[in-house]
Amino acid sequence: MTHIIIADYIYTPEGFQENLAVAFTHIIKEIDTLDILKAKYPHANIIQTAEHCVLYPGFINTHVHLEFSANKTALKYGSFMPWLDSVIEHREALVGKCDNEIMRRECDTMLRSGITTFGAISSFGNELEVCEETPQRVVFFNELIGSNAQYADMLYGDFMERVKVSMSCQKSSRITPAIAIHSPYSVHPIILQKAVNVAKEHTLPLCTHFLESQAEREWLEHGKGELKGFFEKYFKTSTPVTNIQEFMYAFDRYPTHFTHCVQANKAELEYLAQKGHSIAHCPRSNRYLGCGRLAIETLSLPYSVATDGLSSNDSLNIFDELRAALMLHHQVPIEKLANTLINAITTNAAEILGINSGKIEVGKLADFAVVTLPEMPKRKEEIALWSILHTKEVSEVYIGGEKYI
Ligand code: BEZ
Ligand code: FE2
């Protein structure tokens, strides 16, 4: 079945366009005036959106931890190390409490904010069932963790089991199996390299947390600081298993999505850029855990904007995240920033996750989010800004040409 959707504005790679419509099945067939499309597809179903609507490609949240969706007040916010301590203390209870119903509700929150694809970071595999059922496309990042050489083989074995299970998901579930390395301080370099090799061998998307906090930097650089006490207390070790350079080199020949990078210096960011990597920027998570601000205005590598999990956030609504980004990055002119943020959660994010979406362009998947503005924008250059400021939930969502909202 072919559909033709009409909106006052369409967000295209050439900017916001008026007087256009989009013909689509599960993919985008053609973009032209309504009259031309009607003549070409006389039997198409016509979808007339409400007044003041903007048709966007479906939004993409590249980094979320659904398993921690039960957290409201258990985890300590404000500073990274007290937060990490609280994760160790409450992890079991939080993950135990997080049933499918809670995770379904959070997938729905994302859907209602226009998220048609998300990257789920999974430490236990608990969210696989919900991710198979949810209408969204899910890049399922099986996470590897374990810095202690003694347990490394066992943890790697468990990780590979989860990778295999996610690889055997039905094509119809829209799941892409993928690999996540927890972080430089928590993964032993030997199993890290093995996991990177698996990603390469099967061309799986790869991501890792990197230089999130000052404590992480101090530990990796000097073997000192707050993480030292943490490792002595919980792991009976007092030296880091790797350093910043060695960790970055492990990803040299495989483009990887590095989450946070708030404490990365100019040279490290340039190195990541040169190797074709990308960043997941999580503004609320960084603020809530006292990690600092990623200077997005000086980045020379592509980045997405992501919510992280409810373990370090208050909602998985992508518009809440974009509004926070507008406030956090007060250095950047607001109109320009609004456009950059929309680009980050569409075009950039799709390229990063390797999904054929993120652009309203012929041949792309028909994943759309329709935003209804409160009135006709007076100036076209402000559409992205008004979309971010005035949207709590989108009006319509299409994934693979199917309407879900
Ligand atoms: C580790 O295995 O080293 C680790 C696990 C969880 C948090 C931090 C470190
Ligand atoms: Fe995260």
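Since we're looking at a predicted model, the values are computed, not measured.

**Q** Just checking my understanding: could you explain the pattern of salt bridges for this structure?
**A** Opposite charge on two side chains allows them to pair when their charged atoms are near. All chains considered together, the criterion is met by 19 salt bridges. With a closest N to O distance of 2.8 Å, E268 and R217 form a salt bridge. Of this pair, E268 sits in helix α10 (residues 266-274) while R217 is found in helix α7 (residues 214-222), placing the two residues 51 residues apart along the sequence. Judged by relative accessible area, E268 falls into the buried class, the value being 4%. Between D320 and R323 there is a salt bridge, and its shortest N-O distance comes to 2.9 Å. Taken as a pair, D320 and R323 lie in helix α12 (residues 318-328) at a separation of three residues, close to a single helical turn. By relative accessible area, which is 16% here, R323 ends up buried. Among the charged side chains, a network of salt bridges with common partners joins E101, R104 and E133.

**Q** Would you explain the coordination of the iron ion (ligand 2) in this entry?
**A** Under ideal tetrahedral coordination, the four donors around a metal are separated by 109.5 degrees; under ideal octahedral coordination, the six donors are separated by 90 or 180 degrees. For the iron ion (ligand 2), the full set of protein donor atoms is H63 (NE2), H65 (NE2), H209 (NE2) and D308 (OD), at a range of 2.1 to 2.4 Å. Here the iron ion (ligand 2) binds four donor atoms, and the angle range of 84 to 171° at the metal identifies the geometry as irregular. Ordering the donors of the iron ion (ligand 2) by residue number gives the pattern H-x1-H-x143-H-x98-D. Separated by 245 residues along the polypeptide, H63 in strand β8 (residues 59-64) and D308 in the loop between β15 (303-305) and α12 bring together distant segments of the chain. Under the relative-accessibility criterion, H63 is labelled buried at 1%.

**Q** Would you mind showing me how to read the sheet that holds strand β5 (residues 28-32) here?
**A** Where strands meet in a sheet, backbone hydrogen bonds hold them as pairs that are either parallel or antiparallel. Taking strand neighbours across the sheet as the criterion, the four strands line up as β5-β4-β1-β6 in an open arrangement whose pairing is mixed. Looking along the sheet, the strands with just one partner apiece sit at the ends: β5 and β6 (45-48). Neighbouring strand axes in the sheet, compared pairwise and without regard to direction, differ in orientation by 20° on average. Examined bridge by bridge, strand β4 (residues 21-24) and β5 share four bridges and lie antiparallel to one another. Residue pairing in the sheet places A23 in a bridge with E30 of β5.

**Q** Explain the packing of aromatic side chains here, please?
**A** Aromatic ring pairs are reported here in terms of the distance separating the ring centres and the angle at which the planes meet. All chains considered together, the criterion is met by 22 aromatic pairs. Geometrically, the ring pair formed by F16 and Y56 is edge-to-face, given 5.9 Å between the ring centres and 90° between the ring planes. Of the two residues, F16 sits in strand β3 (residues 15-17) while Y56 sits in strand β7 (residues 53-57), which places them 40 residues apart along the sequence. Of the residues examined, F16 reaches a relative accessible area of 10% and is grouped as buried. The exposure class of Y56 is buried, given its relative accessible area of 0%. Summarising the aromatic geometry, the rings of F210 and F247 are spaced 5.6 Å apart at their centres and angled 20° between planes, so their arrangement reads as stacked.

**Q** Got a minute to help me understand the domain arrangement of the protein chain in this structure?
**A** Many structure descriptions define interface size as the accessible area lost when the parts assemble. Split into domains, the protein chain comes out as domain 1 (3-57 + 358-403) and domain 2 (59-353). For domain 1 versus domain 2, the separation of C-alpha centres amounts to 31 Å. In this assembly, domain 1 packs against domain 2 so that about 2200 Å² is buried in total across both faces, 64% of it on carbon and sulfur atoms. Contact with domain 2 buries surface across domain 1, with L385, I388 and I399 losing the most and accounting together for 28% of the total. Between domain 1 and domain 2 we count three salt bridges in total. Between D367 and R137 there is a salt bridge; the shortest N-O distance is 2.7 Å. Broken down by secondary-structure element, the contributors of at least two residues to the side of domain 1 that touches domain 2 are β7, β16 (368-372), α14 (383-390) and β17 (396-399). Considering every element that reaches the side of domain 1 that touches domain 2, the biggest residue donor is α14, with five residues. In terms of residue class, the side of domain 1 that touches domain 2 is made up of 16 nonpolar, four polar and seven charged.

**Q** Teacher, can you tell me more about the site of ligand 1 here?
**A** Around ligand 1, the neighbouring residues are I145, G146, S147, Y185, S186, F230, F231 and F235. Take S147: an N or O atom from its side chain is 2.5 Å from an oxygen atom of ligand 1. Coverage of ligand 1 by the protein chains reaches 92% of its 260 Å² of free accessible surface.

**Q** Would you explain the environment of A152 in this entry?
**A** Following the sequence through the fold, A152 ends up in helix α5 (residues 149-167). As for A152 and I191, which are separated by 39 residues in sequence, their C-alpha atoms are 6.8 Å apart.

**Q** What exactly am I supposed to notice about the sheet that holds strand β2 (residues 9-12) here?
**A** One open sheet accounts for six strands, arranged β3-β2-β7-β16-β17-β18; its pairing is mixed. Both edges of this open sheet fall to β3 and β18 (402-403), since each of them pairs with a single strand only. In this structure, β2 lies alongside β3, joined through three bridges in antiparallel fashion. Counterpart to Y11 in the pairing with β3 is F16. Relative to β7, α14 is tilted by about 95°, and along the sheet it contacts β2, β3, β7 and β16.

**Q** Would you take a moment to explain the side chain of S86 for this structure?
**A** Tracing the backbone through its elements, the reader meets S86 in helix α2 (residues 80-97). Using a relative accessible area of 6% as the deciding quantity, one classes S86 as buried. Here W83 takes part through its backbone oxygen, which lies 2.6 Å from a polar atom of the side chain of S86. With sequence-adjacent residues up to four places away left out, S86 is seen in contact with A74, L75, K76 and R91.

Conventions used here
- Residues numbered from 1 in each chain as written.
- Chains lettered and ligands numbered in written order.
- Predicted model: local features only at pLDDT ≥ 70, side-chain atom pairs only at ≥ 80, totals over all residues.
- Heavy atoms only, no water.
- Salt bridge = Lys/Arg side-chain N within 4 Å of Asp/Glu carboxyl O.
- Helix = DSSP H or I, 4+ residues; strand = E, 2+ residues; numbered from the N terminus.
- Buried < 20%, exposed > 50% of the residue type's maximum accessible area, 1.4 Å probe, protein only.
- Donors = N, O, S within 2.8 Å, 3.2 Å for Na, K, Ca; no water.
- Tetrahedral: all angles 85-135°; square planar, octahedral: opposite > 155°, others 65-115°.
- Pairing = 2+ DSSP bridges.
- Axes fitted to C-alpha atoms, helices over the stretch in contact; angles between N-to-C directions.
- Phe/Tyr/Trp six-rings, centres within 6.5 Å; stacked < 30°, edge-to-face > 60°.
- Domains from an automatic or database assignment.
- Buried area = accessible area lost by both parts, 1.4 Å probe.
- Nonpolar A, V, L, I, M, F, W, Y, C, P; charged D, E, K, R; others polar.
- Near = heavy atom within 4 Å.
- Polar contact = N/O pair within 3.5 Å; in protein donor to acceptor, adjacent residues only side chain to side chain.
- Areas by Shrake-Rupley, 256 points an atom, 1.4 Å probe, with all protein chains shown as cover.
- Contact = heavy atoms within 4.5 Å.

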